[in-house]
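Commentary on secondary and tertiary structure
As a plain string of letters, each chain reads:
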Amino acid sequence: MPVEKLQYEELLAHYSNHLNALELLKHHRPYFELVPSIRRSRESLITIPLPVVQVRCNTGVSHQGSSDTTHELIHLPCDVALLMCDPEWKIKTGVEIFVLIHRPQEEFSHLLGRWRQTQVLLSKGYEWRLPPRYKHIFGESADQICPLFVLFEATPDRIERGLKGACLPFVVEAISASSTQLPSANLIETEENLESRLD
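Every chain's residues receive numbers from 1 upward, in the order its sequence appears when written. Since the coordinates come from a predicted model, pLDDT governs what is reported: local features require at least 70, and pairs of side-chain atoms require 80 or more to be given and counted, while whole-chain, interface and lining totals use all residues. By convention in this description, side-chain values take in all heavy atoms of the structure and omit both hydrogens and water.

Okay, the nonpolar core next. In these notes, a set of buried Ala, Val, Leu, Ile, Met, Phe, Trp, Tyr and Cys residues joined through side-chain atoms within 4.5 Å is what counts as a nonpolar core. Each residue's exposure class comes from its accessible area (1.4 Å probe, protein chains only) as a fraction of the maximum for that residue type: buried when under 20%, exposed when over 50%, partly exposed otherwise. In this structure, Val53, Leu76, Phe98 and Trp128 are the most contacted members of the largest nonpolar core, which totals 29 residues. The contact rule is simple, with two residues in contact once any of their heavy atoms fall within 4.5 Å. Excluding residues that lie within four positions of it along the chain, Val53 makes contacts with Glu72, Leu73, Ile74, Leu76, Leu122, Tyr126, Glu127 and Trp128. Ala21, Leu24, Val99 and Ile101 belong to the second largest nonpolar core, which has 28 residues in total.

And the structure:
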């Protein structure tokens, strides 16, 4: 059974919450260990669904001989950006994680291509357009950008084989095609309960 649009939409909404994003990172320990503070996860992990950044673009050489630089807003082709922040200093750390969810009818070349395009766009130098709640955080570019692919049980095997061959991390999520809900989405948990379970 192919991946359905509602399954994709469910995961996109699910990972827009920082607690669910923490659960996702728990499946890939090296990324989970990058979170500055699990107990202060709301201040340590910023989730940005369908992220937008401001990139620097050179428009050529000005009449004074110096290069002109303009800024352009770019919608990144990833699904969710996860930014790590130091909860004490209120500053972003040097690592950012980009979640790419397998989309309906998407082949391996397109899924991998979205990550490659993200790499190219961010290589130009960029600043984040952060949610209003995080406007106080300086949104400069990161030292290291990392991908995390999310597949479904219905995702074709060739995509999983391709990601393994490219040595790229991925997680396979179990989501029902009939209910289009993750098992954990049926439970309402407090932040304290989930954080104690993540420790």
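So, about the side chain of Glu106. We count a stretch as a helix when DSSP gives it H or I for four or more residues in a row; a strand needs E for two or more, and each element gets its number in order from the N terminus. Summarising the element assignment, Glu106 is placed in the loop between strand S5 (91-101) and helix H5 (108-122). The class for Glu106 is buried, based on a relative accessible area of 9%. Within polar-contact distance, the side chain of Glu106 engages the backbone nitrogen of Arg103 at 3.0 Å. Throughout this description, a polar contact denotes any pair of N or O atoms lying within 3.5 Å of each other; where both atoms belong to protein, one of them has to be capable of donating a hydrogen while the other can accept it, and for residues adjacent in sequence the pair is counted only when both atoms sit in side chains. At 2.7 Å, the side chain of Glu106 forms a polar contact with the side chain of Arg114. Glu106 has contacts with Ile101, Leu111, Arg114 and Ile159, leaving out every residue within four places of it along the chain.

Within strand S4 (residues 80-86), 6 of the 7 residues are buried, leaving the element largely enclosed by the surrounding structure. Summarising the sheet, strand S1 (residues 45-49) and S4 pair through 5 bridges and their orientation is antiparallel. From the neighbouring strand, Leu45 faces S4, where its bridge partner is Met84. Sheet topology places S4 next to S5; 6 bridges connect them, and they run antiparallel. Looking across to S5, one finds that Val80 is bridged to Val99. In short, DSSP must find at least two bridges between two strands for them to pair.

Before going further, it helps to examine the pairing of strand S7 (residues 144-152). Extensive coverage of S7 is indicated by the burial of 7 of its 9 residues. Pairing of S5 with S7 involves 7 bridges; the strand directions are parallel. Within S7, the residue paired with Val99 across the bridge is Leu148. Crossovers are marked right-handed if the path from the first strand over the helix to the second runs clockwise, as seen with the strands pointing away from the viewer. Remark: the S7/helix H6 (residues 157-165)/strand S8 (residues 170-173) crossover connection has right-handed handedness.

Between rings of Phe, Tyr and Trp, where Trp is taken as its six-membered ring, a pair exists when centres lie within 6.5 Å; planes separated by under 30 degrees are stacked, by over 60 edge-to-face, and by other angles tilted. Within the structure shown, the criterion is met by 3 aromatic pairs. Where Phe98 meets Trp115, the ring centres are 6.4 Å apart and the plane angle is 40°; that geometry is what we call tilted. Of this pair, Phe98 sits in strand S5 while Trp115 sits in helix H5, and the two are 17 residues apart along the sequence. By relative accessible area, Trp115 is classed as buried at 2%. When the centroid spacing of 6.0 Å and the interplanar angle of 20° are considered together, the rings of Phe98 and Trp128 count as stacked. Placement of Phe98 in strand S5 and of Trp128 in strand S6 (residues 126-128) is noted, with a sequence separation of 30 residues between them.

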